[in-house]
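# A structural walkthrough
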Amino acid sequence: MTKLLFRPKSIFLLAAFALLLLNSFTTHAGVGLRLAQARPYGNLKFVFKNAPSLELFFVHTNQNDRLRGRIGGGYANFATKLDTFSTYDVDYGYPTTLLPGYFLYTRFDLMYVFMDYSYTIVRVKDFGLNVGLGLTVGLYQQDYERSVTGLVHETASIQDEMGGFRSKIGVDYKLGSHAVLFAEAMNNAIASTSWQSFGHNTIGVGLIYFFGESEPNNYYPRR
Amino acid sequence: MRNLLILLIVLLTFLGCKKVPKDPADYYPKVKMLDVSVQPDGSVKVRAQVLSEGASELMHAGFCMDTLPNPELLSGQKLATELVDNVFTCTYTSLSAVSKYYFRAFAANEDGYAYSDVKELSGGGIDTAIIPCSLAFNTLRLEPSWGQPDEIFSVVEEAEYNGLGCRFSAHTGSRSVHFTFGSRPLGIFTTSEASSPQPGYVWILMGGYTIAAGTKVYIKQLTETSFDVWLCNARVMDGSGRTLSLRLRSPY
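Model, not experiment: these values are computed from the prediction. (Residues numbered from 1 in each chain as written. Chains lettered and ligands numbered in written order. Predicted model: local features only at pLDDT ≥ 70, side-chain atom pairs only at ≥ 80, totals over all residues. Heavy atoms only, no water.)

Residues and elements named next belong to chain A. The element strand 6 (residues 127-148) is extensively covered by neighbouring structure, given that 17 of its 22 residues are classed as buried. Note: strand 5 (residues 97-124) against strand 6, 22 bridges, orientation antiparallel. Each residue of the ladder has a partner; that of Y102, found in strand 6, is S147. Where strand 5 folds back onto strand 6 in an antiparallel hairpin, the turn is made up of 2 residues, including K125, whose phi is positive at roughly 55 degrees. Examined bridge by bridge, strand 6 and strand 7 (residues 152-175) share 22 bridges and lie antiparallel to one another. When the bridges of strand 7 are listed, T136 appears paired with G164. The antiparallel hairpin formed by strand 6 and strand 7 contains 3 residues in its connecting segment, where G150 sits at a positive phi of about 75 degrees. (Buried < 20%, exposed > 50% of the residue type's maximum accessible area, 1.4 Å probe, protein only. Helix = DSSP H or I, 4+ residues; strand = E, 2+ residues; numbered from the N terminus. Pairing = 2+ DSSP bridges.)

Let us look at the packing of aromatic side chains. Taken as a whole and assessed by the stated rule, the structure comprises 28 aromatic pairs over all chains. Here the aromatic rings of F46 of chain A and Y27 of chain B are separated by 4.2 Å at their centres, their planes lie at 25 degrees, and the arrangement is stacked. Here F46 of chain A, found in helix 3 (residues 43-47), pairs with Y27 of chain B, found in the loop between helix 1 (2-14) and strand 1 (30-38), and the two come from separate chains. Across this residue pair, the class does not change: F46 of chain A and Y27 of chain B are buried. When the centroid spacing of 5.7 Å and the interplanar angle of 15 degrees are considered together, the rings of F103 of chain A and Y105 of chain A count as stacked. For Y105 of chain A, a relative accessible area of 18% translates into the label buried. One Lys or Arg, R70 of chain A, reaches over the ring of F57 of chain A and ends 4.8 Å from the middle of that ring. We note K78 of chain B situated over the ring of Y92 of chain B; from NZ or CZ to the ring centre the distance is 5.4 Å. (Phe/Tyr/Trp six-rings, centres within 6.5 Å; stacked < 30°, edge-to-face > 60°. Lys NZ or Arg CZ within 6 Å of the ring centre and 35° of its normal.)

Residue and element names in this part refer to chain B. The 4 strands are arranged 4-3-6-7 in an open sheet whose pairing can be described as antiparallel. Two strands bound the open sheet, and with one partner strand each, they are strand 4 (78-79) and strand 7 (113-122). The pairing of strand 6 (residues 100-109) with strand 7 spans 8 bridges and is antiparallel. Bridge pairing links A108 to Y113 in strand 7.

On to the confidence of the model for chain B, then. Do not read the fine detail of predicted coordinates wherever pLDDT is low. Mean pLDDT for chain B: 89, with 92% of residues reaching 70 or above. The complex model carries a pTM of 0.73, and its ipTM stands at 0.73. (pLDDT = per-residue confidence, 0-100.)

Let's shift gears to the sheet that holds strand 5 (residues 87-92) of chain B. Residues and elements named next belong to chain B. If you walk across this open sheet you meet the 3 strands as 1-2-5, and the pairing is antiparallel. Each having just a single partner strand, strand 1 and strand 5 make up the two edges of the open sheet. Along the sheet, successive strands turn relative to each other by an average axial angle of 20 degrees, direction set aside. Bridge count for strand 2 (residues 44-52) against strand 5 is 6 bridges, and the pairing is antiparallel. What sits directly across from K45, in strand 5, is T91. (Axes fitted to C-alpha atoms, helices over the stretch in contact; angles between N-to-C directions.)

Right under this line is the structure:
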């Protein structure tokens, strides 16, 4: 995590985080937690099962809670669908021969910080429908073993940067004067610096707790 | 209207992606064995069909073969050179007629490879109906015969294996014939004038003269150590213009 915090790409988000934290004393602010199921797509879906993910964040809103900003961190740990995945290499000798091999993934984690904003497009009583966009940067940790008969046997532990965009659609429900319950579906279009796609969707639920006493008429205007 | 536009943009970010399989097995090709058939020359033709390329482009297809069940990729591997209507074919030669063999197809795409089901074969070997001459058991015939009857092999030695090939001799009352095979004697060989023949070729020496190159020699395996040999109308390089035909069993 220390390594993550001192990455250049993280500095921007950390600065934004600090500003938001300061801002949280002057605007309506709170903290939140989201539990989600990360559902990989693309090449990631080939190898990994759906995984649990956790996000913790600070949140602040404008005066009528139309625009809501979040900044925080998240973690997802993916397990593989198979024990090993077949691979091969080709020996272009005479005759040409396929050399059998396998991949064994022992660890694949995503650790990231994010910043996103959502906009409430419809609000009916205590229910709201919102959409949002944001940025994610972080690290992935991938440990694997690769073997091709007579050619290679290697184990590797890769930790590298990744980043991308997040877009979401969600609904929320106001619980009393301090809390908001929400559910959201999110697309995380993420790639490593070597352009390896780590794209995944998340479907999750969460809770936001606002520090100050909310004013329903201000923060949740009725239509 | 503005809200609808925002909603539409966000929804579009969830769409437009290529649908990918959920089951990892669907990323790999799917292939099944069609048949294993013994050809008249004793070779074995195997056919398989690609049912699905998987989630990426098909790169290779072929077969593996072993005397043990569930052959692995490196056992007797042969790669197919073409795919016609998703069917590919390979031919195995020099297979023992008395062993049981297991064949399994495989196909590989950019993600990996997958096997087919397994088919087994026993009791192969050449079809003797394709042999173009008819001779009695353990007989040697020279033509023109100049009035001499066919000769009978009284002793045929057991083959002595040496490296890839083997050698043995057969004796009638008046002459000896020496055989040197470049590989294990199975199926159809071709005569060679080289005393150290390549695999698939046989050097035959009779009375100090070789047999002309290019004639087929038919070998049908009987057990692990015995086989029948046919040679039809092969020119003897002794200047007489005569041809040699023979049928023998080693050992006898």
